[in-house]
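Geometric and topological summary
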Amino acid sequence: MVGIIIVMTLMEIMDVTSNTIGKVAMSNGMSCYIFTTYSHGFALFFLVPLAFLYHRNTPVPPIKFSMIFRLFLLGCSCGGCSILSQIGLRYSSPTLASAMYNLSPAITFLMGILFRMENLSLRAHSSLLKLIGTIVSISGAFIVTFYQGLPIILFSVSMPTTHELIALLRGSDEPNWVLGGLFLFGSSVFLSLFLIIKTWIVRDFHSEILITLISCFFETIVAGLVTLVAETDTSVWTPTVRIIWISLLFGALEVGIVNTVQTWACGKKGPLFVAMFKPLQMILAVIMGVSFLKDVLHIGSVIGGTIIGIGFYTVMKGKAEEEKVKRVDEPTLFYSSGEDASSHKVPLLRNRNINV
């Protein structure tokens, strides 16, 4: 359990790093649609040889039409999450976007119960821990988003102009918080659906790298079509600034690695386990902002981060107890030989679930 938590935390660090570099590139004229299209397209260039090397000695699972359809749904759900998020930002603000994005663990938990990927029994201690931990973690994320408090660490920063403050608070020239909130909520739903579909696929198709490769191909097509409609300026397709190319290449690396690891984690621990790492991004973003971008650290970030950590630990404890109960409940058949059958028992079947 500890190992997979460390790996998933590293993936969130990589995700936050990619977002930070991407923000710098967007401030230098890069289109958000181009970032999504190119990063997934470039990821194919190293996913294809990796898939070939991985399956050179490992047989490729049979890919039926039904599985291709699932992978298409996976690519569409991921593309829908990115597109709705960008549209929602245009009509609202980054604050509202962060708040809605942190709803993904709760939505994933509900979807997991609906699709029978997560167990919920109010009589079971593990289920109560997962439920309470999810609520606590989301509460901490909202505190980080909406409450700043007194500054703890200050750096010498220039004061923004009135125009910059208005743009930051409003998020667009023609704000519509109701419409923007609906788009952002839809983005969170698509994110949860993305994790649910990914878990559904990986449990029947045991090749994480091929899942990432094929879904990335579909998402590149979806994002490219949206970019053709959304971007009327053809010059955005040929970036010339160095930081834009850096963000695209690092974004491609992040897409390939993070998605592959997330697919593996979904198969091992389920969609809720992966979704619970999303609120941790806020803590990581605050740390990176203070360390590298000289942002101001406020007491609200510390309080909210602590609450997120408590909720995260509670869910992980619930998952650990759930796995422990499953191992205890696994039946084992024995056969005996000779007179000392009662003292010498050899398992006929190991690690098999048997319905009697």
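Residues numbered from 1 in each chain as written. Predicted model: local features only at pLDDT ≥ 70, side-chain atom pairs only at ≥ 80, totals over all residues. Heavy atoms only, no water.

1. Topic: the nonpolar core
Counting 45 residues, the largest nonpolar core has Met 8, Ile 201 and Phe 273 as the members making the most contacts within it. At the level of elements, α1 (2–27), α2 (32–54), α3 (65–91), α8 (177–202), α9 (208–230), α10 (242–269), α11 (271–275) and α13 (299–329) are the ones that each hand at least two residues to this core. Counting residues per element, this core draws most heavily on α9, which supplies 7 residues. Look past the residues within four positions of Phe 273 in its chain and what remains in contact with it is Met 1, Ile 4, Ile 5, Met 8, Met 316 and Lys 319. Counting residues in hydrophobic clusters, the runner-up holds 8 residues, among them Met 30, Ile 34, Tyr 38 and Leu 248. (Core = buried A, V, L, I, M, F, W, Y, C linked by side-chain atoms within 4.5 Å. Buried < 20%, exposed > 50% of the residue type's maximum accessible area, 1.4 Å probe, protein only. Helix = DSSP H or I, 4+ residues; strand = E, 2+ residues; numbered from the N terminus. Contact = heavy atoms within 4.5 Å.)

2. Some details on α2
For α2, spanning 23 residues, the distance from its first C-alpha to its last is 32 Å, which sits close to the expected 33 Å at 1.5 Å a residue. The sharpest bend along α2 reaches about 30° and sits at Phe 45, with the proline Pro 49 one to four residues further on. Backbone nitrogen of Tyr 33 and a side-chain oxygen of the N-cap are separated by 3.2 Å at the start of α2; the cap is Ser 31. (Expected span 1.5 Å × (residues − 1). Bend = angle between axes of the 7 residues up to and from the residue. Polar contact = N/O pair within 3.5 Å; in protein donor to acceptor, adjacent residues only side chain to side chain.)

3. Points about the environment of Trp 237
Structurally, the position occupied by Trp 237 is in the loop between α9 and α10. Separated by 207 residues in the primary sequence, Trp 237 and Met 30 have C-alpha atoms spaced 9.3 Å apart. Beyond its immediate chain neighbours, meaning those up to four positions away, Trp 237 contacts Ile 34, Thr 37, Tyr 38, Gly 224, Thr 227 and Leu 228.

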